[in-house]
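Structural description and commentary
Residues per chain, in single letters:
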Amino acid sequence: MKKLISLILVTISLLIIQPASAAKIPTNAKKLIRHYKESIIGFEDNHIVFTDGTRMKWDDGIKNKSYQQLLDEPDLEDMFHDKYRKRKAQIPLSVNYDPGRIRVEPFFLKLYGESADKVKENLKEIIWCPKLVGQKIMVSTLYGADKKFEKISAELDKYPEFAPYLSKIAGTFNWRKIAGTNRLSMHSFGMTMDINTKFTHYWQWDCKCKNEDVVLGYNNSIPLKIVRVFEKHGFVWGGKWYHYDTMHFEYRPELM
Ligand SMILES: [Zn+2]
């Protein structure tokens, strides 16, 4: 009887304590933990905790950042500032609505490697769309990114009408800065792909400028069916950004 009572007490206390402590973890932080579990073990005291014991601040407490501040000095919480809308195209896009473009660079350096050589340690060659294209590309094996690329490739390979868009893949791994900025391109990490530039619209090419406070129109010629295949496997599309980049697909499962 004593045992039964203590068991009931333990169960009740667990029921009371657990939801309370779990509730302290912000929903979006949970998404980071879930999708990057090989590198993140949890959340504690406003910080993401990595498997090596290091921590990174979740919320810096600064409210009402300007668009430029969000790009240049984001915290992890800010990465979720604009909600990525899967499937829906939402055109025209509201000014500076760039879901996925606000990124904490040190976070991705931590996840994928802090130098070109470190990133290269986890790259693998795959054959992109073997039937339609057959191009060799290098992609990251971290967080299942290579598996996702392979699934996307296999699926898109069934649509001969898409071959022109999928051939001459303009780039996957390429350690470099984003043109006109001091920020590292996501191509540096091997989880991002630019498809054929021939059909691409990129805001910097259209405005012939690099200043991000420019007033932009919108252009796209990439079939949305291609976009949906990437989205299904956890990739955001640059064609859903006010600062559009319609060749650009980036593995960001936490945003989907
Ligand atoms: Zn790109």
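Structure's up top.
Scope of this entry: the structure provided in the associated data block. (Residues numbered from 1 in each chain as written. Predicted model: local features only at pLDDT ≥ 70, side-chain atom pairs only at ≥ 80, totals over all residues. Heavy atoms only, no water.)

Details of the packing of helix 6 (residues 145-156) against helix 9 (residues 224-232)
- Where helix 6 contacts helix 9, the axes come no closer than 9 Å and their chain directions differ by 150 degrees. Relative to helix 9, the element helix 6 lies roughly antiparallel. Both helix 6 and helix 9 take part in a crossing whose hand is right-handed. For the pair helix 6 and helix 9, the contacting residues are I152, E155 and L156 in the first and I226, V229, F230 and K232 in the second.
- Taken together, the residues of the contact of helix 6 with helix 9 sort by class into five nonpolar, no polar and two charged. (Axes fitted to C-alpha atoms, helices over the stretch in contact; angles between N-to-C directions. Helix = DSSP H or I, 4+ residues; strand = E, 2+ residues; numbered from the N terminus. Parallel < 35°, antiparallel > 145°, perpendicular 65-115°, else oblique. Left-handed = near helix turned anticlockwise from the far one by under 90°. Contact = heavy atoms within 4.5 Å. Nonpolar A, V, L, I, M, F, W, Y, C, P; charged D, E, K, R; others polar.)

What about the coordination of the zinc ion?
- Those protein atoms acting as donors to the zinc ion are H187 (NE2), D194 (OD) and H248 (ND1), and they sit at 2.1 Å.
- Donor residues binding the zinc ion come from one chain and are separated in sequence as H-x6-D-x53-H. Placement of D194 in strand 6 (residues 192-194) and of H248 in strand 8 (residues 248-251) is noted, with a sequence separation of 54 residues between them. (Donors = N, O, S within 2.8 Å, 3.2 Å for Na, K, Ca; no water.)

Some remarks on helix 9
- All of the buried residues along helix 9 are I226, V227, V229, F230 and E231.
- Next to the buried residues of helix 9 lie strand 4 (123-128), helix 6, helix 7 (163-166), strand 6, strand 7 (235-237) and strand 8.
- One or two positions beyond helix 9, positive phi appears at G234, with a value near 90 degrees. (Buried < 20%, exposed > 50% of the residue type's maximum accessible area, 1.4 Å probe, protein only.)

Focus on the state of the cysteines
- Going through the model one piece at a time under the given rule, you end up with one disulfide.
- Covalently, C207 is tied to C209 through a disulfide, its sulfur atoms 2.0 Å apart. Across the S-S bond linking C207 and C209, the dihedral sits near -95 degrees, which makes this disulfide left-handed.
- What makes C207 partly exposed here is its relative accessible area of 24%. (Disulfide = S-S within 2.5 Å.)

What about the pattern of salt bridges?
- A full pass over the atoms with the stated rule returns 19 salt bridges.
- When the shortest N-O distance is used, the salt bridge between K63 and D59 registers 3.7 Å.
- The salt bridge involving E250 is made with R252; its shortest N-O contact spans 2.8 Å. Like E250, the residue R252 is buried in the burial classification.
- Ionic contacts of the salt-bridge type, sharing partners, join the residues D72, D98, R101, R183 and E212 into one network. (Salt bridge = Lys/Arg side-chain N within 4 Å of Asp/Glu carboxyl O.)

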